[in-house]
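Listed below, chain by chain, are the residues.
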Number of protein chains: 2
Amino acid sequence: MILTVTLNTALDITYRVDALTPHASHRVTDVAERPGGKGVNVARVLAALGHDTVVTGFAGGPTGDVLRGLLAPLPVRDALVPAAGTTRRTVAVVDASTGDTTQLNEPGPAITPAEWSAFLGAYDELVREADAVALCGSLPPGIHVGAYADLVRRARAASVPVVLDTSGEPLRRGIAARPDLVKPNADELARLTGAREPLRATRDARRRGAHAVVASLGPDGLLAVTPDGIWQAAPPEAVKGNPTGAGDSAVAGLLDGLVEGIAWPQRLARAVALSAATVLAPAAGEFDMTTYRELLSRITVTEHATAA
Amino acid sequence: MILTVTLNTALDITYRVDALTPHASHRVTDVAERPGGKGVNVARVLAALGHDTVVTGFAGGPTGDVLRGLLAPLPVRDALVPAAGTTRRTVAVVDASTGDTTQLNEPGPAITPAEWSAFLGAYDELVREADAVALCGSLPPGIHVGAYADLVRRARAASVPVVLDTSGEPLRRGIAARPDLVKPNADELARLTGAREPLRATRDARRRGAHAVVASLGPDGLLAVTPDGIWQAAPPEAVKGNPTGAGDSAVAGLLDGLVEGIAWPQRLARAVALSAATVLAPAAGEFDMTTYRELLSRITVTEHATAA
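Each chain has its residues counted from 1, following the order in which its sequence is written. Going through the entries in the order they are written, you letter the chains from A and number the ligands from 1. Local features are withheld for residues below a pLDDT of 70 in this predicted model, meaning they are given only at 70 or higher, and side-chain atom pairs are given and counted only at 80 or more; totals for whole chains, interfaces and linings count all residues. Note that the side-chain values use all heavy atoms of the structure and ignore hydrogens as well as water.

Focus: the relation of the copies chain B and chain A
Note the following rule: Copy-to-copy superposition: least squares on the C-alpha atoms, limited to residues that have pLDDT of at least 70 in both copies. For this analysis, residues touch if any pair of their heavy atoms sits within 4.5 Å.
Superposing chain B onto chain A takes a rotation of 180 degrees plus a shift of 0.0 Å along the axis, which leaves an RMSD of 0.0 Å. As the rotation angle and translation indicate, the two copies are arranged about a two-fold axis. Taking the C-alpha atom as reference, chain B places Pro62(B) closest to the rotation axis, 3.3 Å from it. A high fraction, 100%, of the interface residues of chain B reappear at the interface in chain A, so the copies pair face to face through one surface.

This is the structure we're talking about:
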């Protein structure tokens, strides 16, 4: 079983409008809702790939109930912990004319110390059954910045591989607790290390404690600095579409390869192909299995001659 | 008792962001929710003025439950009829830097013929107890454009005065059913009559069937064309603030004057003072009683010499 943790789950709402004009009034022509938060997205992709997948984190209030209702028919197990606060909404406003998206993200509910304790109890039990753990996304208000570092240490103590995908101070603290893998994007890497050049920044990040670092370079694919070597994996051509969820699909691909114990070049190829198949899918955050399989054989993986 | 009808109720959500930039991602710094829809706003103001007030219309789904939960502590009676569809949300995005608002309005749930029948049964019973009825706002999908005309006729058959505040084809049809009062704004009047000049457009609207027409002219106050004469009422000076709900407060002022049987100049003064007190209040759609009372004595009401 693969466990994904989303401390700040979300009800993702998508509004379609003819064109977004600041300070005007808009009739929303189409409303869609899906269960969201990075770890939930990762879990959906893992489940589609055939993995037994469990989702934990917090859910509360009326939007938490809607989120759980939307999770129920999906092939992922809901192990969310109740919170008294209300699960946040995110609103993506899509311009029908251009396809561009304007994103509004609520901060999320304040988590109490008692709720955090209840979560830790549930987490420790779930980790014992897990083949891998993914810790994903932002922290809701009330949770200390060292929370991911704590969760990394608990997974390591149980000898379960742990992947961290977050940003800012929680990432900085989390890396120091020595996770098996972190997956920052170029901006997050630059903020963490002060370096802009991808290879240098990725190696710097690894030196901070992560066993391996896979940096997502947007259309240029993934750059992996690992104990076994350094690789860059890229799609066969630039893919055009909606990048929402592409990073989460990459994390799912890396976990898929991790639990199957395959070599880094193949892991990276899966991650890049899933990510590209997500960008190409018409619905935000979804991916098409046929596109994924077709892309998989066409990913270029190049090994760097330098040491990690 | 005053009955307000809101067929397309809403959960009004307000997001504060630093500045709204199209196609960017925004952290919402503050989230507020209130029960909404024009008739709900009118009812809140009437209740604050001391009137026994009942709210009807439709509520359904998780947002309908939240809406009813937010109505429960207010001094208005909830007589909303259940719908299988989900009550719409409206999202107002306020730029903290400028105070400007960008509005996103969901269309609302499709109402089934069986739900409409259930509503008509409830409406007929509530009208029998009512001293006045207000029909407010847009129609949700599934309700025929002649719905307000039908509700106007039913109120008139029960000899209960009926006020209509809507727009477009539902207003055009509703006026023909001879309501006691309609309250269009300048844009709605122009669309209805083709005339831009306020006095001409207001008189044209009245000839279409309404007993009286009170046109809201924004900062210039209200223009009333009635069987007793023509008046214009204006605030003492231009009021600066948030105009959200100002029109609904004007409707509440007109209803307040109607059920108390006071003369038109006083009714209009109340409506203009309430409307201005709503613009001046810091929270959208709220009004300050002290400001209202202070303004009330300072409203200018001018009678036009011409016949209606």
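Concerning the pairing of strand β1 (residues 2-6) of chain A
Residue and element names in this part refer to chain A. Our working rule: Throughout, exposure labels follow a simple rule: accessible area from a 1.4 Å probe, protein chains only, divided by the maximum for the residue type, with under 20% read as buried, over 50% as exposed, and the rest as partly exposed. Comment: elements are numbered from the N terminus, with helices defined as DSSP H or I runs of at least four residues and strands as E runs of at least two. One requirement defines pairing of two strands: DSSP has to find at least two bridges between them.
Across the five residues that make up β1, a large majority, five, are buried. In β1, alternate side chains face the same way, and those of Ile2, Thr4 and Thr6 on one face and Leu3 and Val5 on the other are all buried. One ladder, built from four bridges, connects β1 with strand β10 (residues 132-136); its direction is parallel. Along β10, the bridge assignment pairs Thr4 with Ala134. In this structure, β1 lies alongside strand β5 (residues 53-60), joined through five bridges in parallel fashion. Bridging across to β5, Thr4 finds its partner in Val55.

Some details on the interface of chain B and chain A
Selection criterion: When two parts are brought into contact, each loses some accessible area as probed by a 1.4 Å sphere; the total of that loss over both is the buried area. In the sections that follow, a salt bridge refers to a side-chain nitrogen of Lys or Arg positioned within 4 Å of a carboxyl oxygen of Asp or Glu. Pairs of N or O atoms within 3.5 Å make up the polar contacts considered here, provided that, within protein, one atom can donate a hydrogen while the other can accept it, and that residues adjacent in sequence are counted only when both atoms are side-chain atoms.
The interface is formed by 30 residues belonging to chain B together with 30 residues belonging to chain A. Taken together, both faces of the contact between chain B and chain A bury some 2300 Å²; the carbon and sulfur share is 58%. Per-residue buried area on chain B facing chain A is highest for His23(B), Arg89(B) and Leu104(B); these three make up 25% of the total on that side. Counting across the chain B and chain A interface gives two salt bridges. One salt bridge connects Arg89(B) with Glu33(A), and the closest N-O pair in it is separated by 2.6 Å. Between the two partners, chain B and chain A, sit 14 residue pairs in polar contact (both at pLDDT 80 or more). Put simply, the parts of the chain that give the side of chain B that touches chain A at least two residues each are β2 (10-17), β3 (25-27), β4 (30-36), α2 (61-71), β8 (88-95) and β9 (101-105) of chain B. For the side of chain B that touches chain A, the element with the most residues is β9(B), which contributes five residues.

Looking at helix α3 (residues 113-129) of chain A
All names here are of chain A. Worth spelling out the cut-off: Expected span, for any helix, means 1.5 Å times one less than how many residues it has. The arc under discussion is defined with respect to the helix axis, by the directions toward the C-beta atoms.
Along its 17 residues, α3 runs 25 Å from first to last C-alpha, staying within 8% of the 24 Å computed at 1.5 Å per residue. When we look at burial in α3, the residues that qualify are Glu115, Trp116, Phe119, Leu120, Tyr123, Leu126 and Val127. Projected onto a plane normal to the axis of α3, the buried residues spread over an arc of 140 degrees and lie on a single side. Turned more than 90 degrees from where α3 packs its buried face, Ala114, Glu125 and Arg128 sit exposed.

As for the UniProt feature "domain: Carbohydrate kinase PfkB" (unreviewed entry) in chain A
The following threshold applies: UniProt positions are given in the numbering used here, feature names are shortened, and annotations may be inferred rather than shown by experiment.
In the UniProt entry, the feature "domain: Carbohydrate kinase PfkB" (unreviewed entry) is given for residues 10-286 of chain A. In residues 10-286 of chain A, helix accounts for 39% and strand for 26%; the two terminal C-alpha atoms are 16 Å from one another.

Notes on the environment of Gly50(A)
Mapped onto the secondary structure, Gly50(A) falls in the loop between α1 (38-48) and β5. With 82 residues separating them in the primary sequence, Gly50(A) and Ala132(A) have C-alpha atoms 15 Å apart.

Some thoughts on the packing of helix α8 (residues 246-260) of chain B against helix α9 (residues 264-280) of chain B
Angle between the axes and distance between the axes are the two parameters that describe a pair of packed helices. Residue and element names in this part refer to chain B. Put simply, the rule reads: Axes here refer to lines fitted to C-alpha atoms; in helices the fit is confined to the stretch in contact. Angles between the N-to-C directions go from 0 to 180 degrees. For this classification, under 35 degrees means roughly parallel, over 145 means roughly antiparallel, 65 to 115 means roughly perpendicular, and everything else is oblique. Here a crossing is called left-handed whenever its near helix is offset anticlockwise from the far helix by less than a right angle, and right-handed whenever the offset is clockwise. Throughout, the ten residues Ala, Val, Leu, Ile, Met, Phe, Trp, Tyr, Cys and Pro are labelled nonpolar, Asp, Glu, Lys and Arg are labelled charged, and all others, Gly among them, are labelled polar.
Following both chains from N to C, one finds α8 and α9 inclined at 150 degrees, their axes separated by 7 Å at the closest point. Overall, the two elements α8 and α9 adopt an arrangement that is roughly antiparallel. Judged by the twist between their axes, the crossing of α8 over α9 is right-handed. Seen from α8, the contacting residues are Ala246, Ser249, Ala250, Ala252, Gly253, Leu254, Asp256, Gly257, Leu258 and Glu260; seen from α9, they are Trp264, Arg267, Leu268, Arg270, Ala271, Leu274, Ser275, Thr278 and Val279. Residue classes in the contact of α8 with α9 are distributed as ten nonpolar, five polar and four charged.

Overview of the pattern of salt bridges
Residues and elements named next belong to chain A. Scanning the model with the defined rule gives 37 salt bridges over all chains in all. Between Arg34 and Glu286 there is a salt bridge; the shortest N-O distance is 2.7 Å. With Arg34 in strand β4 (residues 30-36) and Glu286 in the loop between α9 (264-280) and α10 (289-296), this pair connects stretches of sequence that are 252 residues apart. A salt bridge links Arg173 to Glu169; the nearest nitrogen and oxygen atoms lie 2.9 Å apart. Linking Arg173 with Glu169, this pair stays in helix α5 (residues 168-176), spanning four residues, or about one helical turn. Given a relative accessible area of 38%, Arg173 falls into the partly exposed group. Judged by its relative accessible area of 34%, Glu169 falls in the partly exposed class. Three or more residues joined by partner-sharing salt bridges are found here, namely Lys38, Asp165, Lys183 and Asp248.

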